Amino acid sequence: METDRLIRTLAADGAPRGMSMSRVWSLTALAAAAIAAAVFFMSIGPRGDIADAAHTIRFLFKFVVTLALFATAFAALRGLAIPGVNPARAMAPLVLAPALLLIAVGLELLAIPPSQIESRWIGSNALICMTFIPMIGIGPLAAFLFALRNGAPTRPSLAGAVSGLVAGGLSATFYAAHCTDDSPLFVATFYPLAVAILVVAGAVAGRFVARW
Amino acid sequence: MDGREEAELTRLLRAAVEGDEAAYAKFLDKAAGLVRGFARRRITQGGIDPEDIVQETLLAIHLKRHTWRTDAPAAPWLYAIARFKLIDTFRKTGRRMEVTMDEDFDVAAPEGEEQASEREIDRALAVLAPGQRAVVSSVSVDGHSIGETATKLGMTEVAVRVALHRGLSAIARKFGRN
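Bear in mind that the values here come from a model prediction, so they are computed numbers and not experimental data.

K.L.:
How do you make sense of helix α8 (residues 146-153) of chain B when you look at a structure like this?
P.N.:
An α-helical segment advances 3.6 residues per turn. Residues three or four places apart therefore align on the same side. Those residues of α8 of chain B that sit buried are I146, T149 and A150 of chain B. Angular distribution of buried residues about the axis of α8 of chain B spans 100 degrees; they occupy a single face of the element.

Shown next as structure tokens:
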């Protein structure tokens with residue numbers, strides 16, 4: 001088939017256009033949040049003293065970090081799905097959540113006596129954290145990877161990895177309502193390790209799922 | 001490409017996504033020329049026909065045109081797709097060549113020449129489901145309109161449009177994979 005024939009054929013197929021990207025992303029985010037909520041409430045659920053915890057700054061700050069991760073990674077993912085958008089520029093906002101967390105770690109180290117550092121750092125939920133953040137996040141990860149197929153990521157592995165960050169941010173937001181280890185020392189250690197599992201899974205899956 | 005041409009390209013694509021079929025054909029024609037130049041400059045080894053890259057890129061542009069933001073210039077979007085398809089082809093061809101080399105040194109060269117004589121798009125078209133193939137061939141090879149194709153194949157126009165769109169998506173998926 002010669003190229004001018006192909007062009008005529010493509011022009012004849014002009015009418016049907018898929019759902020707009022922003023609609024797909026909104027629906028996907030809603031579906032992902034519903035999946036995460038379902039898994040969370042059917043498995044570990046919120047901690048018993050959540051009403052009291054909600055008055056403490058360390059507990060609340062966990063949500064600032066996890067929601068910052070979710071929002072910035074979601075924005076980056078939407079950029080990575082569009083050809084011609086500079087990946088480095090799309091991913092620049094991702095520094096926000098780690099920066100917030102580092103500042104909180106610094107303040108925590110100033111606020112607590114050295115004798116307490118180790119117990120707050122290691123906490124008592126490390127294994128639960130590293131199990132349930134990936135578990136709550138795996139469904140949302142699949143949803144974001146699937147939505148990526150509607151886009152056109154020119155770096156499929158990278159876009160898959162960032163899908164893992166989005167799913168991780170969402171999942172960690174739910175998990176944070178369960179966990180009683182509120183110190184930024186704990187959050188800065190075990191949350192990233194747990195999210196990294198989703199990032200690696202997303203990068204590997206992205207190579208296959210997000211091809212086009 | 002100067003600023004005026006770039007603005008014209010963007011204008012045509014914007015008209016195309018608003019449903020102007022003639023503007024869309026003109027846009028694709030200009031895009032084909034740009035991608036052809038791009039591919040010819042970058043393909044230095046044998047075994048890859050630049051025209052295959054042009055056609056695969058046009059298909060990708062067509063199926064992914066909802067990813068273009070109407071407030072952005074068209075050229076960077078277009079070249080990013082062309083670059084992605086070119087790199088993807090280098091990767092696939094490289095892998096195919098490795099396999100051929102490992103198995104038998106002698107057949108590698110002549111097989112490469114045979115491949116070059118047939119367009120990738122025709123090979124993808126040949127393995128479509130019969131219904132889709134009849135519709136796509138009628139429009140592309142025979143040059144019939146949607147209405148003429150519907151009459152000839154005894155289908156409704158809606159069914160022809162659906163089969164054409166699915167056929168083109170299937171061709172894009174099969175491109176260079178067989």
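After that view, the rundown keeps rolling.
K.L.:
Any chance you could explain the nonpolar core here in plain terms?
P.N.:
If you look at soluble globular proteins, the nonpolar side chains tend to sit buried side by side. Among the nonpolar cores identified, the biggest contains 117 residues, and Y191 of chain A together with F27 and L58 of chain B are the most heavily contacted of them. For this core, the domains that each give at least three residues are domain 1 (1-117) and domain 2 (119-178) of chain B. Not counting the four nearest positions on each side in its chain, L58 of chain B is found in contact with T3, L6, I7 and L10 of chain A together with L28, A31 and A32 of chain B.

K.L.:
Explain a nonpolar patch on the surface here, please?
P.N.:
Side chains of M19, L27 and L30 of chain A sit close together on the surface and give an oily, nonpolar patch of about 300 Å² of accessible area. By secondary structure assignment, the location of L30 of chain A is in helix α2 (residues 21-42).

K.L.:
How should I be thinking about the interface of chain B and chain A in this particular structure?
P.N.:
Quoted interface sizes are often the accessible area lost when the parts come together. With 44 residues of chain B at the contact, the number on the chain A side is 31 residues. Between chain B and chain A, roughly 3300 Å² of surface is buried when both sides are summed, and carbon and sulfur atoms account for 61% of that area. Ranking the residues of chain B by area buried against chain A places K64, H66 and F84 of chain B at the top, with a combined share of 19%. Our count for the chain B to chain A interface comes out at two salt bridges. In this structure, R211 of chain A and D88 of chain B form a salt bridge, with 4.0 Å as the shortest nitrogen-oxygen distance. There are 11 residue pairs in polar contact (both at pLDDT 80 or more) connecting chain B and chain A.

K.L.:
Help me understand helix α1 (residues 3-12) of chain A, please; the structure alone is not making it clear to me.
P.N.:
Where burial is concerned, most of α1 of chain A is hidden: seven out of the 10 residues are buried. Of all the positions in α1 of chain A, only T3, L6, I7, T9, L10, A11 and A12 of chain A are classed as buried.

K.L.:
Is there a simple way to think about the packing of α2 of chain A against helix α4 (residues 57-80) of chain A in this case?
P.N.:
Helix-helix packing is characterised by the crossing angle of the two axes and by the distance between the axes. All names here are of chain A. For the pair α2 and α4, the least separation of the axes is 12 Å and the interaxial angle reads 145 degrees. In this structure, α2 crosses over α4, and the sense of that crossing is right-handed. Along the contact surface, α2 presents S22, W25 and A29, while α4 presents F74, L77 and R78. Within the contact of α2 with α4, the residues separate by chemical class into four nonpolar, one polar and one charged.

K.L.:
Please clarify how the environment of D71 of chain B should be interpreted in this entry.
P.N.:
Tracing the chain through its elements places D71 of chain B in the loop between α3 (50-63) and α4 (74-103). Once the C-alpha coordinates of D71 of chain B and L164 of chain B are considered, the two residues, 93 residues apart in sequence, prove to be 29 Å apart.

K.L.:
Looking at this structure, how should I read the packing of aromatic side chains?
P.N.:
For any pair of aromatic rings, geometry is given as the distance between the ring centres together with the angle between the planes. Residues and elements named next belong to chain A. Under the defined criterion, the tally for this structure stands at 11 aromatic pairs over all chains. Their ring planes at 45 degrees and their centres at 5.7 Å tell us that F40 and F174 sit as a pair that is tilted. Of this pair, F40 sits in helix α2 while F174 is found in helix α9 (residues 156-176), placing the two residues 134 residues apart along the sequence. The burial state of F40 is the same as that of F174; both residues are buried. Put simply, the rings of W25, F70, F74 and F144 touch in pairs and so form one group of aromatic residues.

K.L.:
Looking at this structure, how should I read the confidence of the model for chain B?
P.N.:
A low pLDDT score tells you not to read the predicted coordinates there in detail. Averaged over every residue, the pLDDT of chain B is 86; residues scoring 70 or more account for 85%. Every residue in residues 104-116 of chain B is under pLDDT 50, and counting partners more than four places away or in other chains gives seven contacts.

K.L.:
What is the right way to read the side chain of H66 of chain B from this model?
P.N.:
Tracing the backbone shows H66 of chain B in the loop between α3 and α4. Note on H66 of chain B: relative accessible area 14%, which makes it buried. At a separation of 2.7 Å, a polar atom in the side chain of H66 of chain B contacts the main-chain carbonyl oxygen of N150 of chain A.

K.L.:
Before we go on, may I ask you to explain the packing of α4 of chain A against helix α10 (residues 184-209) of chain A in this structure?
P.N.:
Residues and elements named next belong to chain A. Packing of α4 against α10 brings their axes to within 11 Å, and their N-to-C directions diverge by 35 degrees. In this structure, the crossing between α4 and α10 has a hand that is right-handed. Across the interface between the two elements, R58, K62, T66 and L69 of α4 pack against P184, V187, Y191 and V195 of α10. In terms of residue class, the contact of α4 with α10 is built from five nonpolar, one polar and two charged.

K.L.:
Would you explain the pattern of salt bridges in this entry?
P.N.:
Opposite charge on two side chains lets them pair, provided their charged atoms get close. Evaluation of the coordinates by the stated rule reveals 16 salt bridges over all chains. A salt bridge links K62 of chain A to D182 of chain A; the nearest nitrogen and oxygen atoms lie 2.7 Å apart. Placement of K62 of chain A in helix α4 and of D182 of chain A in the loop between α9 and α10 is noted, with a sequence separation of 120 residues between them. Across this residue pair, the class does not change: K62 of chain A and D182 of chain A are buried. Here E108 of chain A makes a salt bridge to R120 of chain A, at a shortest N to O gap of 3.2 Å. Taken together, the positions of E108 of chain A in helix α6 (residues 96-111) and R120 of chain A in helix α7 (residues 114-122) put the pair 12 residues apart, joining distant regions of the chain. Classification of E108 of chain A by relative accessible area gives buried; the value is 3%. For R120 of chain A, a relative accessible area of 25% corresponds to the partly exposed category. Among the charged side chains, a network of salt bridges with common partners joins R211 of chain A together with E56, K85, D88, R91 and K92 of chain B.

Conventions we followed
Residues numbered from 1 in each chain as written. Chains lettered and ligands numbered in written order. Predicted model: local features only at pLDDT ≥ 70, side-chain atom pairs only at ≥ 80, totals over all residues. Heavy atoms only, no water. Buried < 20%, exposed > 50% of the residue type's maximum accessible area, 1.4 Å probe, protein only. Helix = DSSP H or I, 4+ residues; strand = E, 2+ residues; numbered from the N terminus. Arc of directions from axis to C-beta. Core = buried A, V, L, I, M, F, W, Y, C linked by side-chain atoms within 4.5 Å. Domains from an automatic or database assignment. Contact = heavy atoms within 4.5 Å. Patch = residues over 30% accessible without salt bridge, like charges linked within 9 Å, V, L, I, M, F, W, Y side chains within 5 Å. Areas by Shrake-Rupley, 256 points an atom, 1.4 Å probe, with all protein chains shown as cover. Salt bridge = Lys/Arg side-chain N within 4 Å of Asp/Glu carboxyl O. Buried area = accessible area lost by both parts, 1.4 Å probe. Polar contact = N/O pair within 3.5 Å; in protein donor to acceptor, adjacent residues only side chain to side chain. Axes fitted to C-alpha atoms, helices over the stretch in contact; angles between N-to-C directions. Left-handed = near helix turned anticlockwise from the far one by under 90°. Nonpolar A, V, L, I, M, F, W, Y, C, P; charged D, E, K, R; others polar. Phe/Tyr/Trp six-rings, centres within 6.5 Å; stacked < 30°, edge-to-face > 60°. pLDDT = per-residue confidence, 0-100.

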